[in-house]
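Chain by chain, the residues run as shown.
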Number of protein chains: 4
Amino acid sequence: MTKPVLRVGLIGSGFMGKAHAFGYGSAEKVFDLPFRVELRTLADTSMALAQHAASALGFARATDDWRAMVADPAIDVVNITAPNALHKEMALAAIAAGKHVYCEKPLAPLAQDAREMAEAAEAAGRKTQVGFNYLCNPMLALARDMIAAGELGEIRSYRGIHAEDYMADPNGVWGFRHDPAGGGAFADIGSHALATAEFLLGPITRLMGDTVTVIGERPDGQGGRRAVEVDDIGRTFVRFANGASGSIEASWVAMGRKMQHDFEVYGTRGALLFSQERFNELHFYSADDPAGRRGFRRIEAAPDHAPYGRFCVAPGHQLGFNDLKAIEVAGYLDALAGRAEEPFNFRKGLRIQSLVEAVHDSSKAQVWVDVA
Amino acid sequence: MTKPVLRVGLIGSGFMGKAHAFGYGSAEKVFDLPFRVELRTLADTSMALAQHAASALGFARATDDWRAMVADPAIDVVNITAPNALHKEMALAAIAAGKHVYCEKPLAPLAQDAREMAEAAEAAGRKTQVGFNYLCNPMLALARDMIAAGELGEIRSYRGIHAEDYMADPNGVWGFRHDPAGGGAFADIGSHALATAEFLLGPITRLMGDTVTVIGERPDGQGGRRAVEVDDIGRTFVRFANGASGSIEASWVAMGRKMQHDFEVYGTRGALLFSQERFNELHFYSADDPAGRRGFRRIEAAPDHAPYGRFCVAPGHQLGFNDLKAIEVAGYLDALAGRAEEPFNFRKGLRIQSLVEAVHDSSKAQVWVDVA
Amino acid sequence: MTKPVLRVGLIGSGFMGKAHAFGYGSAEKVFDLPFRVELRTLADTSMALAQHAASALGFARATDDWRAMVADPAIDVVNITAPNALHKEMALAAIAAGKHVYCEKPLAPLAQDAREMAEAAEAAGRKTQVGFNYLCNPMLALARDMIAAGELGEIRSYRGIHAEDYMADPNGVWGFRHDPAGGGAFADIGSHALATAEFLLGPITRLMGDTVTVIGERPDGQGGRRAVEVDDIGRTFVRFANGASGSIEASWVAMGRKMQHDFEVYGTRGALLFSQERFNELHFYSADDPAGRRGFRRIEAAPDHAPYGRFCVAPGHQLGFNDLKAIEVAGYLDALAGRAEEPFNFRKGLRIQSLVEAVHDSSKAQVWVDVA
Amino acid sequence: MTKPVLRVGLIGSGFMGKAHAFGYGSAEKVFDLPFRVELRTLADTSMALAQHAASALGFARATDDWRAMVADPAIDVVNITAPNALHKEMALAAIAAGKHVYCEKPLAPLAQDAREMAEAAEAAGRKTQVGFNYLCNPMLALARDMIAAGELGEIRSYRGIHAEDYMADPNGVWGFRHDPAGGGAFADIGSHALATAEFLLGPITRLMGDTVTVIGERPDGQGGRRAVEVDDIGRTFVRFANGASGSIEASWVAMGRKMQHDFEVYGTRGALLFSQERFNELHFYSADDPAGRRGFRRIEAAPDHAPYGRFCVAPGHQLGFNDLKAIEVAGYLDALAGRAEEPFNFRKGLRIQSLVEAVHDSSKAQVWVDVA
């Protein structure tokens, strides 16, 4: 039986563009995908760039005209890894052309834009995905399943962090991530921490934010200086619908941190600790262990934790970041084939944007806000 | 040259009473104290209890009348390790009798009581100490000195936590720590996190609190149930006078945690990570290390880090909790002898109480409050 | 400019067969390979198996006749991931047919067979590779470079371990790894520890082995029992040509260990610690750090550590096991194109086999043996 | 009821002399000792030194004549912390004078001397102790008890290490630890690793040693150089009476290591990992945990692990090195009172010396030796 072909168009070939291409490549070998993937067209800002990337990443065609690609009937799904400010225009065009759309996070700088995108996709019956790759880690699935199964008892509290130091240098040049419309640390990486929190514990219902600008101006890249208004650090208190309270923090000036996407979950019968710095491990404390033998146990990723076994039949060999992207791709393709729900569609991407904005609104107004 | 004698009276012989006795014992051998310590009298709630403890802990006399002991001219310094609610009465009586007073934390359930105590001591010219033992760790002194010396550059952010699980069991009986007047997790252990934060970074100027009651009632110990209003978990955003922002959290229902008194400090040139779970280590990231060779380095306690060398001439042997108490005792005795400032006097104890109350007030009113 | 095509034939589609296929796939996207890779033919023991695997792994053709494939003029390089006992016959046939050969470790059960294979390849001028994937980790390259550059000073001692628990269960069935001709823990995984040791420190010159059979018989899979003579645990003292002494250990019955491929290197100016359990980290102690600030620093894999940056432009994202295989593939293809030396050819594979046999010989005779 | 008095004489006031004094001091407060301890006389090499130390450490009298002190009828137990070469003469004199003797390790430089000492004590019916302080850690007692109770199943393998770097500097001056008669790393700290191995697993029966001199000469402290023949690094394969095999290693040139007194024990049902660098933790893997939930769990020292609770009623507060010495003192005093067996008497000290010599003999002859 031959598999149907899925013809992929990709816009962008930077960090995330590459990750998408790697992800499709691995997913096709690692998983039994419902489609044969055809990397058909890669669009970038210049023909030279696009051709080079297409060749390197295995796309059959290159173009510097994303609009043409999006309209091309020979494309089934459009992958958007262009700068955030362009996501909306591209996604709406793709949806209008009848494509499924797989867009990098954040879905759009502003929640109202993200809402338009989600509604357009739903109205058109197109299947969508937003790339929150850390969620695709088998150890996060394990954590979520353990929580859902009650292995921690009733959940009481949560701490989530996403901290890095890529904006720690005040001489780093002003860029789109500093744009007041949708920029800042909480939007950029706090969004990951929010996504993980809701992935594990379900919906947040209220929050109280506190965002801080640390580096007030930056070189504008043209010899001058430009004021920065967005948050370098953001924190928020949260309440979950399940009754737990917690906090979530983001910082892109956390000197020394490269990938502190961490969480701690405490329940009545146990607890979980996780750090993306060692993301093939999950630490589990069970109050049900015998007295004198209790402690956080370091569970290493293994075939017990699907879909790890697709990548390696032996435990302890470890997945890498690009493997997480392959899992993300596979999940989306299952959804496209009707095998499963969309793992993280535009509606969920909108949800994260709304939470980010709520953090900012709350911080500005210095009041708790409802986000139910 | 003979040393002057310091005659010590101790009220209480529980957890902290023992720690005081151990501390005096070790301090006298480990340090070159300015006094010869005489453990003169131990007071407890019954004569039997007091006699047993006096004998075990090396006190010459026992009494069930703390008032008499406090008034005894043969006592120079009164150590108070009785329940929090009694601290004020005892300390004021001791000060009135001309004694120096060394009181366990919290100084008093309410800041107004702590203020009375601090003012009484100052008016009487008595030297005081509040027992915030975690501060006496040489690795905390190292951290503070590194920060002060600019080894981290300008400080940008802080995260402090004190989490344990000793109140995680909802069947744990209602006790004085649940008393609405001065009880709760933030008062009990959040106070440690606040003390460490100001020890390292200097004064907090503003804060926004969020305290939560998780276990709404507990057995009253007499067959009934009793409502609990105090916080089981507390969180606060903070601003420091040095310009840094941060958060501080306390929980006594953090299942699996036994001593998560942790902090992270991020500056423009480096960072520090610390966990009381491994309190003989300090983790230091220096942005000045060569590219490709940077990372958090695990500094192990050693004679380089005074006063570690008084306990052991070789590195890596490690101090224990009771050693921290000995350092605390030695610091106080130096102050009594006029060799040094009081390391943590009643005024500072009051400061911590004020901060705790500010966290609660802020939480209740859901507004930021100044604490400058 | 079009790249030349490299036509790949793969024998086997199990654990390592998949890893090869994943490796080729990723390598082509991640690296700028000197060839366009064509996954041409996959051979397995039955046509059904071969077809299924070819389809899943992206090979154009399937066959159950490896001899035909090896003789096929349309194949440039033969990848052998069949059981160890077949490596020799397959490799010799491929070399005879003028192919380059990329063979999984161990090259052959016995060193004399490995020697024949190496000599055949050299005589025929074919380029070869043996799959010691752990060596392809950027952090190992970093370690080797740091040692070579003298960052640790003169090397004094070494400890290498490879321990897992996949043979810990005495009810595990007798298999080819238990075959007295070439089986045992030291051959299977001690070989990895030996390869890493020589990769880092250069040649071992003398050794004294100690191998132990722990589980003396196993189910034969047919209702009976079969005696086991091979080592479950092996240890060896070693001397290196650089003057350092050390030890190397292998165990496949180390309950709880999934991937303890660890080493410690101590020099006059510094030390390195590594564990494959956290293989995106290297821990470095420098005696040149200032007093009171020394400690093992946790260096996280980053673009500073080539070729990490090919996979991800940001630090801290981490490589996975399959990424290591992609690096291995890329290194071999560079050698095939004449861009670089063969990273780990049959001659080196023979070297490891010879060391493994020396460990066994030494252990049996209970004497030190030269392996210079 | 009044406790009998135990009058203590101490020879030496250096590192270990202080540790003994601290140990007696703490033990008396922490434990319910069978004696009231009287620190009666401290002997050192000069009267000034002795007087200073006696005053600092709380001894009533000082002397520069250890022979007189040993003969003093007002002394019950003699503590020897003088240089190793003097242990024998001092201990024999003390035994001859009817004293109990508590001697620092190693009991004597040579096993034949240690044997004389053990036999003299036994003949005289005196109770003895050798100070192997790491054994007194509650986490080691826990490990031993878990092993004995079968929680790990049948023990298959062991790895023990004691590595530090205090002799890593080749400019460190020649001292008694370099004396060919009884010096070297294995005697000095390998002895600790041997003691821990037998403490946990019972007797070693055979071994094969490998000792190495790394720094062949050192300054003699008088402007010249002096050859060094003792081992800087020592390794040994071992067999235990229980059937397990293992290895033990010692190094005092392991740059960066301050206290790597580590072990790993692997059994059929579980494993234990321990590092003295974090000696308030024991890591336990149980194969009986549910699939997908297995991992090494970090057990933190707590009142569950006697005698931790004597020091602190709450978990996670941690013991320090001097606390281990207090436990050692208490164990000896229990033996002196007839409450318990001698925990580690001269006979056991002799055992360790014999093992050390066997390692050296074996290494020199390059043969396995029996040590049953």
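Remember, predicted model here, so these are calculated numbers, not experimental data.

Asker: Just give me the short version of the packing of helix α5 (residues 111–124) of chain C against helix α10 (residues 346–365) of chain C, but keep the residues and values in it.
Answerer: Residue and element names in this part refer to chain C. As a packed pair, α5 and α10 sit with axes 9 Å apart at the nearest point and diverge in direction by 165°. In terms of axis orientation, α5 runs roughly antiparallel to α10. Of the two elements, α5 crosses α10, and the hand of that crossing is left-handed. When α5 is examined against α10, the residues A111, Q112, A114, R115, M117, A118, E119, A121 and E122 are found in contact with a partner set consisting of F346, R347, L350, Q353, S354 and E357. Looking at the contact of α5 with α10, its residues break down into seven nonpolar, three polar and five charged.

Asker: Break down the UniProt feature "domain: GFO/IDH/MocA-like oxidoreductase" (unreviewed entry) in chain A for me, citing the residues and quoting the values.
Answerer: Within this numbering scheme, the UniProt entry marks residues 142–272 of chain A as carrying the feature "domain: GFO/IDH/MocA-like oxidoreductase" (unreviewed entry). Within residues 142–272 of chain A, the helical portion is 18% and the strand portion 38%, while the C-alpha atoms at the span's ends are 10 Å from each other.

Asker: Explain the pattern of salt bridges to me, using residue names and the numbers behind them.
Answerer: Following the criterion strictly, the structure yields 120 salt bridges over all chains and no others. Here R297 of chain A makes a salt bridge to D289 of chain D, at a shortest N to O gap of 3.2 Å. Of this pair, R297 of chain A sits in strand β16 (residues 296–300) while D289 of chain D sits in the loop between β15 (281–286) and β16 (296–300), which puts the two residues in different chains. The two residues R297 of chain A and D289 of chain D agree in class, both being buried. When the shortest N-O distance is used, the salt bridge between R159 of chain D and E264 of chain D registers 2.7 Å.

Asker: Tell me about the side chain of E164 of chain A, residues and numbers included.
Answerer: Residue and element names in this part refer to chain A. Structurally, the position occupied by E164 is in the loop between β7 (155–163) and α7 (185–201). Reaching out from E164, the side chain makes a polar contact with the side chain of H162 at a distance of 2.8 Å. The contact partners of E164, leaving out residues within four places of it in the chain, are I189, S251, W252, V253, A254, R257, K258 and M259.

Asker: Can you break down the relation of the copies chain C and chain D residue by residue, with the values?
Answerer: With an RMSD of 0.0 Å, chain C superimposes on chain D once it is rotated by 180° and translated 0.0 Å along the axis. Accordingly, the operation relating the two chain copies is best matched by a two-fold axis. Taking C-alpha positions as reference, the residue of chain C nearest the rotation axis is V367 of chain C, located at 3.6 Å. Counting the interface residues of chain C, we find that 100% of their copies in chain D are interface residues as well, pointing to one common contact surface.

Asker: Report on the packing of aromatic side chains, specifying residues and quantitative values.
Answerer: Going through the model one piece at a time under the given rule, you end up with 50 aromatic pairs over all chains. Relative to F311 of chain A, the ring of F31 of chain A has its centre 5.6 Å away and its plane inclined at 85°; by these criteria the two rings are edge-to-face. Taken together, the residues F31 of chain A in the loop between α1 (15–30) and β2 (36–43) and F311 of chain A in helix α8 (residues 308–311) connect sequence positions 280 residues apart. The same class applies to F31 of chain A as to F311 of chain A, namely buried. With 6.4 Å between their ring centres and 50° between their planes, F15 of chain B and F321 of chain B make a pair best called tilted. Pair noted here: F15 of chain B is in helix α1 (residues 15–30) and F321 of chain B is in helix α9 (residues 321–336), with a separation of 306 residues, a long-range link. Under the relative-accessibility criterion, F321 of chain B is labelled buried at 2%.

Parameters at a glance
- Residues numbered from 1 in each chain as written.
- Chains lettered and ligands numbered in written order.
- Predicted model: local features only at pLDDT ≥ 70, side-chain atom pairs only at ≥ 80, totals over all residues.
- Heavy atoms only, no water.
- Axes fitted to C-alpha atoms, helices over the stretch in contact; angles between N-to-C directions.
- Helix = DSSP H or I, 4+ residues; strand = E, 2+ residues; numbered from the N terminus.
- Parallel < 35°, antiparallel > 145°, perpendicular 65-115°, else oblique.
- Left-handed = near helix turned anticlockwise from the far one by under 90°.
- Contact = heavy atoms within 4.5 Å.
- Nonpolar A, V, L, I, M, F, W, Y, C, P; charged D, E, K, R; others polar.
- UniProt positions renumbered as here; feature names shortened; annotations may be inferred.
- Salt bridge = Lys/Arg side-chain N within 4 Å of Asp/Glu carboxyl O.
- Buried < 20%, exposed > 50% of the residue type's maximum accessible area, 1.4 Å probe, protein only.
- Polar contact = N/O pair within 3.5 Å; in protein donor to acceptor, adjacent residues only side chain to side chain.
- Least-squares fit on C-alpha atoms with pLDDT ≥ 70 in both.
- Phe/Tyr/Trp six-rings, centres within 6.5 Å; stacked < 30°, edge-to-face > 60°.

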